[in-house]
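# Structural description and commentary
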Amino acid sequence: MPALASAAEVKRSVWGDFIALTKPRIISLLLVTTIAPMYVAGSPSWALVLVVFIGGYMMAGGANAVNMYLDRDIDDRMSRTRLRPIPSGRMQAPAVLAFGILLATTATWLLAHFANVLAAALALAGFYFYVFVYTRWLKRSTPQNIVIGGAAGAFPPLVGWAAVTGRVDLLAVYLFAIVFYWTPPHFWALALNKQRDYGNAGIPMAPLVWGVTETKRQMLWYTLILVPLTLLPTAFGALGWVYFTSALALGAYLLLGIVRVVRASDHTAPAWSVYKYSLLYLALLFVAMAVDRALPS
């Protein structure tokens, strides 16, 4: 009995590590920004939504696994990443790389065959951008890493939109821009409180290169661009008053949180609050888009 119990525990641990490689908590937000635009773009079938959900998870999960493979040398130096499957010794690096490539390849086939080629191509472009442009190049070379690299996280709205319409419209580009401008203040709120970790890993995050004061100022500027940007879709009639009021209220609270970070002598607590709220902010913003479209004109 103990031997059987031990084998079952090992099996659960292995499956748990494979799931951990995909970073499911991060993917959950990406899926919201993928699925919600599908309902903004049209009336997708449940089958199509399911295909995009599975394909989107696999593509993002594959990118995250390859990211862990490429970052295995620095993950061991950071307290928040040293328990990942590779640095902890639970999985071998080649197996992680193979797993990531398998997920991305399967996702590309799934989206191309059951959605359309454009959706598959956009998802694959996001994969390559995250793996090669952000992880391999920008992350270790410039404090602008999360600014330019943030484009990788902005591909999901394009994928969802293309899966329904077979094209990329102006509103889809606006959704891409919203995620793009949301990323720096969101991620820098975390970076402010993880400076030692990033310093140990030799990653030139903004607070380490520009300093805390300049990073806070940049967070404020990006938020001042983001909030009006979220309201623009109503200017050309793409979305209505339900979305407008939601975006205005959500954005005002985010801006208030950023101002608190800027003014705080000890930014630890307000920065954590902004980081956590920014996740909810983006999810609710995209849900508000779908709800607005679902209501009668």
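Below or above, wherever it landed, is the structure these notes cover.

Cut-offs and rules
Residues numbered from 1 in each chain as written. Predicted model: local features only at pLDDT ≥ 70, side-chain atom pairs only at ≥ 80, totals over all residues. Heavy atoms only, no water. Core = buried A, V, L, I, M, F, W, Y, C linked by side-chain atoms within 4.5 Å. Buried < 20%, exposed > 50% of the residue type's maximum accessible area, 1.4 Å probe, protein only. Helix = DSSP H or I, 4+ residues; strand = E, 2+ residues; numbered from the N terminus. Contact = heavy atoms within 4.5 Å. Patch = residues over 30% accessible without salt bridge, like charges linked within 9 Å, V, L, I, M, F, W, Y side chains within 5 Å. Areas by Shrake-Rupley, 256 points an atom, 1.4 Å probe, with all protein chains shown as cover. Salt bridge = Lys/Arg side-chain N within 4 Å of Asp/Glu carboxyl O. Phe/Tyr/Trp six-rings, centres within 6.5 Å; stacked < 30°, edge-to-face > 60°. Axes fitted to C-alpha atoms, helices over the stretch in contact; angles between N-to-C directions. Left-handed = near helix turned anticlockwise from the far one by under 90°. Nonpolar A, V, L, I, M, F, W, Y, C, P; charged D, E, K, R; others polar. Parallel < 35°, antiparallel > 145°, perpendicular 65-115°, else oblique.

## Considering the nonpolar core
- Among the nonpolar cores identified, the biggest contains 91 residues, and I178, W188, Y281 and M289 are the most heavily contacted of them.
- In terms of residue count, the dominant contributor to this core is helix α9 (residues 170-193) (14 residues).
- Ignoring anything within four residues of it in the chain, the contact list for M289 reads V40, L175, I178, L239 and Y243.

## Here we look at a nonpolar patch on the surface
- Residues L118, V168, L170, V173 and F236 make up a contiguous nonpolar surface patch of about 400 Å² in total accessible area.
- Following the sequence through the fold, V168 ends up in the loop between α8 (155-165) and α9.
- On the basis of relative accessible area, V168 is assigned to the partly exposed category, the value being 37%.

## Details of the packing of aromatic side chains
- Within this structure, the stated rule accounts for 16 aromatic pairs.
- On the numbers, 6.0 Å between centres and 75 degrees between planes, the contact of W272 with Y275 is edge-to-face. Note that W272 and Y275 are positioned in helix α14 (residues 268-294) at a spacing of three residues, about one turn of the helix.
- Note on W272: relative accessible area 28%, which makes it partly exposed.
- With a centroid separation of 6.2 Å and 50 degrees between ring planes, the pair formed by Y277 and Y281 is classed as tilted. Here Y277 and its partner Y281 are both found in helix α14, four residues apart, which amounts to about one turn of the helix. Both residues of the pair, Y277 and Y281, belong to the buried class.

## Details of the packing of helix α2 (residues 24-41) against helix α3 (residues 46-70)
- It is the contact of α2 with α3, at a shortest axis distance of 10 Å, that shows an interaxial angle of 145 degrees. For the crossing formed where α2 meets α3, the hand is right-handed. Counting all contacts with α2, which are made through P24, I27, L30, L31, T34, I35, M38 and Y39, the residues of α3 involved are W46, L48, V49, V52, F53, G56, Y57, A60, G61 and N64.
- Partitioned by chemical class, the residues of the contact of α2 with α3 number 14 nonpolar, four polar and no charged.

## A closer look at the packing of α9 against helix α12 (residues 212-231)
- Contact geometry of α9 with α12 gives a least axis separation of 9 Å together with a crossing angle of 155 degrees. Considering their axes alone, α9 and α12 lie roughly antiparallel with respect to each other. Read as a crossing pair, α9 and α12 show a hand that is left-handed. Contact with α9, carried on its side by Y174, A177, I178, Y181, W182, P184, P185, W188, A189 and L192, involves V212, T215, K216, Q218, M219, Y222, T223, I225, L226, L229 and T230 of α12 and no other residues of that element.
- Looking at the contact of α9 with α12 residue by residue, the classes come out as 16 nonpolar, four polar and one charged.

## What about unusual backbone geometry?
- Despite not being glycine, K23 shows a phi value in the positive range, around 55 degrees.
- Within the element layout of this structure, K23 appears in the loop between α1 (2-21) and α2.
- Look at K23 and you get buried, because its relative accessible area is 12%.

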